[in-house]
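Observations on chain architecture
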Amino acid sequence: MNSIIIPTPLRKFTGGTGLFESPADSVKGLLDDLVASHEGLRPHLFDNDGDLRSFIRVYVGDEDIHELDGTATRLTPGTEVSIIPAIAGGIS
Amino acid sequence: MVNPFTKAELERYSRHLIIPEFNLEGQRKLKEAHVLVIGSGGLGSPMLMYLAAAGVGHIGIVDFDVIEDHNLQRQVLFGVDQVGASKAQSAKDRILALNPHIEVTVHETRITSENALELIEQYDVVADGTDNFPTRYLVNDACVLAGKTNVYASIYRFEGQCSVFNYPRPDGTRGPNYRDLFPSPPPPGLVPSCSEGGVIGVLPGILGSLQALEVIKVISGVGDVLDGRLFLFDAATFGTRTLKVRPNAKNPLTGENPTQTELIDYEMFCGLGGAPKEERPVEEITPIELDALGKKGEAPVLIDVREPYEFAIAEMGGVLMPVESVPERVAEIPKDRPVVIHCRSGVRSARIIRMLEDEHGYANLLNLKGGILAWQEDVDPSLARY
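Each value, and the rule that gives it
- Residues numbered from 1 in each chain as written.
- Chains lettered and ligands numbered in written order.
- Predicted model: local features only at pLDDT ≥ 70, side-chain atom pairs only at ≥ 80, totals over all residues.
- Helix = DSSP H or I, 4+ residues; strand = E, 2+ residues; numbered from the N terminus.
- Rg over C-alpha atoms; globule rule 2.2 N^0.38 Å.
- Buried ≥ 20, exposed ≤ 12 C-beta atoms within 10 Å, placed from the backbone.
- Contact = placed C-beta atoms within 7 Å.
- Nonpolar A, V, L, I, M, F, W, Y, C, P; charged D, E, K, R; others polar.
- Core = buried A, V, L, I, M, F, W, Y, C linked by C-beta atoms within 7 Å.
- Pairing = 2+ DSSP bridges.
- Axes fitted to C-alpha atoms, helices over the stretch in contact; angles between N-to-C directions.
- Parallel < 35°, antiparallel > 145°, perpendicular 65-115°, else oblique.
- Expected span 1.5 Å × (residues − 1).
- Left-handed = near helix turned anticlockwise from the far one by under 90°.

What follows concerns the overall build of chain A. In terms of helices and strands, chain A carries two helices and five strands. Ordered by position in the sequence, the α and β elements of chain A form the string β-β-α-α-β-β-β. Since a compact globule built from 92 residues should have a radius of gyration of about 12 Å, the 13 Å found for chain A is in line with a globular shape. Across its three principal directions, the C-alpha atoms of chain A cover 40 × 25 × 25 Å. Going through the 92 residues of chain A one by one, you find that 36% of them count as buried. Of all intrachain contacts in chain A linking residues separated by at least 6 positions in sequence, the fraction that spans at least 24 positions is 51%.

Structure, rendered in structure tokens:
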């Protein structure tokens, strides 16, 4: 299994869940499984063309997928994938 | 090396001076440093206290705000007696009481594209403790254009991020900046805004302290700063991660094809400026009018579309039907008599009314003008504001 960490601002769309697991062996497969399970997430992760939005970063381990093979990056079992959102503050 | 310290300072800073790699030299660098802290709120509170206590010689504070009751949950610089007073001035008084050997300059102003470069140029290091996307991008861009290191932290509910942007490297280049991580901000409304979100009070205490630590490391040159790395902290799970931040070819300031050479309109950039979106007005009722109907025995049906945790803080007798649940509970909303819908300030309820009118044919809905906040102000002062 591989897991993906959902950041706090997006947990509203996963029923509060912060961790999603799937046997998918690529970043794309994992993200597809994630939005198939939590449809409300889709517009927050992908634009209308199906590309990842510019204010979202996806990491495999400590490396940005842009430095790897993008969403085609293969995952070995047990890899941790993270979605990193832009957050501005929690002050107001 | 000339010893710039008085006996009182040497004694005060002795626990720094006896760290072999920090010593008098590190302390001298702190004393000579000029640090600009933008925002004296949740992040700024611990940051300012630690920077002052540590002996950063010249601290600037940018804040235009006044202290409010709901700040005290996390902004530990301030006390009950200072509610209503200037944050920047109160912060200055507090940190000078902590360390009289430093200088503090108050900039009681909102940082804008017009004044940012002039403000930042007076300082060596900038620490961004602001709370909104336009100011985040403004501070980042100004630091890149002015060639200053930007010590960054940001928080949301249980989650915190910290990094050091635009850090000068030995080869003369600068480390990645915020635009490398996020070239552009989320459009408003797509990611929940912070005022909807809240924050656990200790979290800015932790992240603001980390920021102070990084400022001290940047100035003293001791340790490895968070250059090219993003530290993440999840207070809910105690999870921590440190991710790599790489230069981004699409960065409009420092990417392959830079398109931006000056500061821009950041409200517009973040989709917050420009002409307000034309939305169809909805029928409204004021709190006074609603109260009068109730007193005549003609109280309309009242529906509260806030979240349960908001309802728990203050409620005015409506049926709780959170926004997300309305589509599946439409049958509970009558069509044959007046129905008033309310939320906190009237925005969500107006949106729900438009949806019900457009998709379900309602023509009997009224929006409570100003929401429960206006009701509290005009009718029932016993309710708590939030």
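We now examine the interface of chain B and chain A. On the chain A side, the residues contacting the 34 residues of chain B number 24 residues. Listing elements by their share of the side of chain B that touches chain A, those giving two or more residues are helix 7 (133-146), strand 5 (149-156), strand 6 (159-165), helix 9 (194-197) and strand 8 (239-244) of chain B. No other element matches strand 8 of chain B, which puts four residues into the side of chain B that touches chain A. For the side of chain B that touches chain A, the class distribution of residues is 15 nonpolar, twelve polar and seven charged.

Another aspect to go through is the environment of Pro77(A). Residue and element names in this part refer to chain A. Summarising the element assignment, Pro-77 is placed in the loop between strand 4 (63-64) and strand 5 (80-85). Once the C-alpha coordinates of Pro-77 and Pro-23 are considered, the two residues, 54 residues apart in sequence, prove to be 7.9 Å apart. Setting aside residues up to four positions removed in sequence, Pro-77 forms contacts with Met-1 and Asn-2.

With that settled, the discussion passes to the nonpolar core. Residue and element names in this part refer to chain B. With 91 residues, the main nonpolar core has Val-35, Leu-48, Leu-51, Ile-59, Val-125 and Val-215 as its most contacted residues. In terms of residues, this core owes the most to one element, helix 10 (residues 202-220), which gives eight residues. Setting aside anything within four residues of it in sequence, one finds Leu-51 in contact with Val-35, Val-56, Ile-59, Ala-212 and Val-215.

Residues and elements named next belong to chain A. Read from one edge of the open sheet, five strands run 2-1-5-3-4, paired in mixed fashion. Looking at strand neighbours, the two that pair on one side only are strand 2 (19-22) and strand 4, the edges of this open sheet. Against the sheet, helix 1 (residues 27-37) contacts strand 1 (2-5), strand 2, strand 3 (56-60) and strand 5, and its axis sits at roughly 115 degrees relative to strand 2.

Residues and elements named next belong to chain B. Between helix 3 (residues 23-32) and helix 10, the shortest axis-to-axis distance is 8 Å and the interhelical angle comes to 105 degrees. Compared by their axis directions, helix 3 and helix 10 come out roughly perpendicular. Of helix 10, the residues touching helix 3 (which contributes Gly-26, Lys-29 and Leu-30) are Ile-216, Ile-219 and Ser-220. Broken down by class, the residue content of the contact of helix 3 with helix 10 amounts to three nonpolar, two polar and one charged.

Turning next to helix 14 (residues 347-360) of chain B. Residue and element names in this part refer to chain B. With 14 residues, helix 14 ought to run about 20 Å at 1.5 Å a step, and its terminal C-alpha atoms sit 19 Å apart, in line with that. Looking at the buried side of helix 14, the elements it contacts are strand 12 (339-342), strand 13 (365-368) and helix 15 (371-378). Of the residues trailing helix 14, Gly-361 is marked for its positive phi of about 70 degrees.

What follows concerns the packing of helix 4 (residues 44-54) of chain B against helix 10 of chain B. All names here are of chain B. It is at 7 Å that the axes of helix 4 and helix 10 come closest, and there the two elements cross at 35 degrees. The handedness of the crossing between helix 4 and helix 10 is right-handed. Where helix 4 abuts helix 10, its residues Gly-44, Ser-45, Pro-46, Met-47, Tyr-50, Leu-51 and Ala-54 lie against Gly-205, Gly-208, Ser-209, Gln-211, Ala-212, Val-215 and Ile-216. Taken together, the residues of the contact of helix 4 with helix 10 sort by class into eight nonpolar, six polar and no charged.

Looking now at the sheet that holds strand 7 (residues 229-234) of chain B. All names here are of chain B. Read from one edge to the other, the open sheet built from eight strands follows the order 3-2-1-4-5-6-7-8, with strand pairing classed as mixed. Edge strands, defined here as strands with exactly one partner in the open sheet, are strand 3 (103-107) and strand 8. Strand after strand, the sheet turns through a mean of 15 degrees between neighbouring axes, direction not considered. Alignment of strand 5 against strand 6, held across seven bridges, turns out to be antiparallel. Note on strand 6: the bridge partner recorded for Ile-155 is Gly-160. Sitting on the sheet, helix 7 is in contact with strand 1 (34-38), strand 4 (125-128), strand 5 and strand 6, with an inclination near 165 degrees to strand 4.

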